Amino acid sequence: MRITDFEKLIQQMPTDYQAFDVKFDIWNASEQFQTINNIFNKNETITISRNELLRLYWNIEEHVLKVLMWGYPTKGRGKNIDNFLKPENFNSFMDKLKELEKNKHIYLSDIQELLKTTKGLGFSTLSKILYFRRINVESFPALILDFRVINALSSGRFEDSGIDNFKNLRYDNAVQNYMSYLEFMHSLARQMK
């Protein structure tokens, strides 16, 4: 089976409407309470879609928080999100992201530096933020690379040319393989139109 076997299906998938319901009571204890309170605007539950995240840009802090809520509606496992949202970590990350965004592209070394210097920030989360902020990583638009994508690529289920380069892809080596992943996925997307 090849990914390209699903070309017509992939072209028709309404991915922009992929959405998650997020509950205020899960997020209200966050260190970023005021911005989260503004996002919910007295609603107990909000729905955040890919389409909304691809259109939002005006408030970078709110946008990043909504990306987190979309990616982790229940705040994920462990304390990573809580640690990331602590003012010293979140504000420092936001300052760095704003600086990097000025050029609308970053380098792999910037990603490694952000991960090394931001407590609670993992690569899955960072790839989601970069994707929705529409930042290029070197010469390619950022794409999400999280556990689900890693598992699909390394599963051995697909036989597309070049996918065997990802048979040993794991979360702990995802950053080192990110540029190869971007090149492969963008090549596949061009091939599938």
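A.B. asks: Go over the environment of isoleucine 106 with me, naming the residues and quoting the values.
C.D. replies: With respect to the secondary-structure elements, isoleucine 106 resides in strand E3 (residues 105–106). Expressed as a C-alpha distance, the spacing of isoleucine 106 and serine 139, which sit 33 residues apart in the sequence, is 8.9 Å. Contacts of isoleucine 106, omitting those with residues within four sequence positions, involve Leu100, Ile111, Leu130, Ile135, Asn136, Val137 and Glu138.

A.B. asks: So what's going on with helix H5 (residues 60–71)? Residues and values would help.
C.D. replies: Along its 12 residues, H5 runs 16 Å from first to last C-alpha, staying within 8% of the 16 Å computed at 1.5 Å per residue. Within H5, the full set of buried residues consists of Ile60, Glu62, His63, Val64, Leu65, Lys66, Val67, Leu68, Met69 and Trp70. The distance from a side-chain oxygen at the start of H5 to the backbone nitrogen of glutamate 61 is 3.1 Å, and the residue carrying that oxygen is asparagine 59.

A.B. asks: Can you break down the environment of alanine 19 residue by residue, with the values?
C.D. replies: Assignment of secondary structure puts alanine 19 in strand E1 (residues 19–23). Taking the C-alpha atoms as reference points, alanine 19 and asparagine 51, 32 residues apart in sequence, are found 8.6 Å from one another. Setting aside chain neighbours within four positions, we find alanine 19 in contact with Thr47, Ile48 and Ser49.

Scoring rules and cut-offs
Residues numbered from 1 in each chain as written. Predicted model: local features only at pLDDT ≥ 70, side-chain atom pairs only at ≥ 80, totals over all residues. Heavy atoms only, no water. Helix = DSSP H or I, 4+ residues; strand = E, 2+ residues; numbered from the N terminus. Contact = heavy atoms within 4.5 Å. Expected span 1.5 Å × (residues − 1). Buried < 20%, exposed > 50% of the residue type's maximum accessible area, 1.4 Å probe, protein only. Polar contact = N/O pair within 3.5 Å; in protein donor to acceptor, adjacent residues only side chain to side chain.

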